[in-house]
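Remarks on the overall topology
For reference, the chains in residue letters:
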Amino acid sequence: MENIKIKYDIIDLVCDEKELFSNIYSCPVCYEPLFKKQIYQCSEGHWACRECFQKIINSNNSHCMSCRKKIGSFNELSRNRGLELMIQSKKIHCPYSFSNIWCNPDEADFEKQNNVELFFDLDNGCKETFKVEQLNNHLEKCNYRFVECSNFGCDEIVRLNKIEKHQEICKFARITCRDCETKIKRIEETDHTEVCPSVLIVCVQCNQSVKRCYLKDHIENTCEQGIIKCKYGDCQSVYKRNQLSNHLKQVDHSESMKRIIDLQEEEIEQYKEQLKESNERCLDLIKNFKVIDRIFTNYEESYRNKWEISDFKQKIRNFGVFDSILSLSFKIGFHKFYLGISLTGKDGFNNKDTDHFTLYLYNKNNIPTKVRCEFEVINHIDKLKNKKIEFSGVFEKTYEEQDNYIEYVVSKLSDLSRRNGFLSNDSFETLSINFSITVNKNNTIFPLKN
Ligand SMILES: [Zn+2]
Ligand SMILES: [Zn+2]
Ligand SMILES: [Zn+2]
Ligand SMILES: [Zn+2]
Ligand SMILES: [Zn+2]
Ligand SMILES: [Zn+2]
Ligand SMILES: [Zn+2]
């Protein structure tokens, strides 16, 4: 928050002859301070800032604001460098020499209230005086300017030359805990000491100092003065931890220890037996799992249906090169397919004579898979003459906009007629195709999705 700007009237800063200066330091037309402006005057000596005369000249009513003399252009005015110089070289106090030209980061508060008397800050304020024209230069380097403390949470505003001193005591300054080296705010120091894990705490049992974070463990497991129950045999005695070896010397535990060891041996035998059973059951499970795994990896899913296209000849009569008849889509597992018929050349391309009838299988959702297709073009007269087609293919992942497909050239178009039975012998001329599509799950590769 350095270089906080303060709004004030230059007149407030003037060292002497304030009364006289108050009549000339601002433009009589726009009232803005003249110390950064050029001053012009009419032939009668009425002066104003350049901007104000510019407005007068630009207006329809271009007369001097005082004597009403006509002013056509700047040629009819003269610049008053004497007055400019007088204003520029007027001695002023640094704004930071006052205690109540206060500044808040909130700009609205900058404005000096009218009629508020300014008080010199004789103890802490800036003592410098300088010419008006040096004001900006001075403000940039004045050590007495007000700055906001940079510590988060602190809203103190102090003079720049006092900021270091302030931060040495600032409640919001970051300090390092000397015990755990955590960074904390100075204001949190007392609270932190209450919970700091590295502060030494005196154990009430043994008077040893232990870090807070180890105290619980110390009391439960290592404190020499801690009371423990004898764990050897069925002794049940209670004594301080540092009395253990004495106790073992004084009391003979061997009888009850022997009894317990015998008991434990029996238990161990039982556990061994249980472990063996568990292992056998595990092996069984692994065997079962392998069977299931094999079933899954060989799992296939098929879809079987019939596709009927009525008015077949009618529909393809006016086919263009890329026209096709498409079936509704159907799902097999995760996959969505649909069928298509187009006319192509003998080799499947549709750039030559398109007198062949080609079947397409489209993969709609672009999930890579391997498929096997069986088609049967029905002969409506003699089903022994049904035309059977089998083909298989792999759908790779594609990055094209269009659906991926595999194709098969079935026959010459002229091979499909009512007469030979491949179109129904009624007014519908239906082409019927039985089909079965099999997706091998083993080849299903799931795409990575975000
Ligand atoms: Zn003006
Ligand atoms: Zn005039
Ligand atoms: Zn200063
Ligand atoms: Zn502070
Ligand atoms: Zn700490
Ligand atoms: Zn202790
Ligand atoms: Zn004991």
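Residues numbered from 1 in each chain as written. Chains lettered and ligands numbered in written order. Predicted model: local features only at pLDDT ≥ 70, side-chain atom pairs only at ≥ 80, totals over all residues. Heavy atoms only, no water.

Under an unreviewed UniProt entry, the name given to the protein is TRAF-type domain-containing protein, and the source organism is Dictyostelium purpureum. Entered under Subcellular location (unreviewed entry) in the UniProt record, the comment concerning the protein runs "Cytoplasm". (UniProt positions renumbered as here; feature names shortened; annotations may be inferred.)

The next point concerns the pattern of salt bridges. Going through the model one piece at a time under the given rule, you end up with 12 salt bridges. A salt bridge links lysine 272 to glutamate 269, with the nearest nitrogen and oxygen atoms 3.7 Å apart. Of this pair, lysine 272 and glutamate 269 both sit in helix H10 (residues 254-297), three residues apart, which is roughly one turn of the helix. The class for lysine 272 is exposed, based on a relative accessible area of 51%. One continuous salt-bridge network, built from bridges that share partners, spans Glu32, Lys37 and Glu51. (Salt bridge = Lys/Arg side-chain N within 4 Å of Asp/Glu carboxyl O. Helix = DSSP H or I, 4+ residues; strand = E, 2+ residues; numbered from the N terminus. Buried < 20%, exposed > 50% of the residue type's maximum accessible area, 1.4 Å probe, protein only.)

Residues Ile10, Phe21, Phe53, Leu77 and Ile92 are the most contacted members of the largest nonpolar core, which totals 40 residues. Elements that contribute at least two residues to this core include exactly helix H1 (10-13), strand S1 (39-41), strand S2 (47-49), helix H3 (50-58), helix H4 (81-88) and helix H5 (135-141). Among the elements that make up this core, the one with the highest residue count is H3 (four residues). Setting aside residues no more than four positions away along its own chain, phenylalanine 53 makes contact with Tyr40, Gln41, Cys42, His46, Trp47, Ala48, Met65, Ile71, Phe74 and Leu77. Within the second largest apolar cluster, 33 residues are counted, among which are Phe312, Phe337, Cys373 and Val439. (Core = buried A, V, L, I, M, F, W, Y, C linked by side-chain atoms within 4.5 Å. Contact = heavy atoms within 4.5 Å.)

A separate point is the UniProt feature "zinc finger region: TRAF-type" (unreviewed entry) in the protein. Using the residue numbers shown here, the UniProt feature "zinc finger region: TRAF-type" (unreviewed entry) corresponds to residues 192-235. Taken end to end, residues 192-235 comprises 34% helix and 20% strand; its first and last C-alpha atoms sit 46 Å apart.

With that settled, consider the domain arrangement of the protein. Each assigned domain of the protein is listed here: domain 1 (10-146), domain 2 (259-297) and domain 3 (300-443). One C-alpha centre belongs to domain 2, the other to domain 3; they are set 56 Å apart. (Domains from an automatic or database assignment.)

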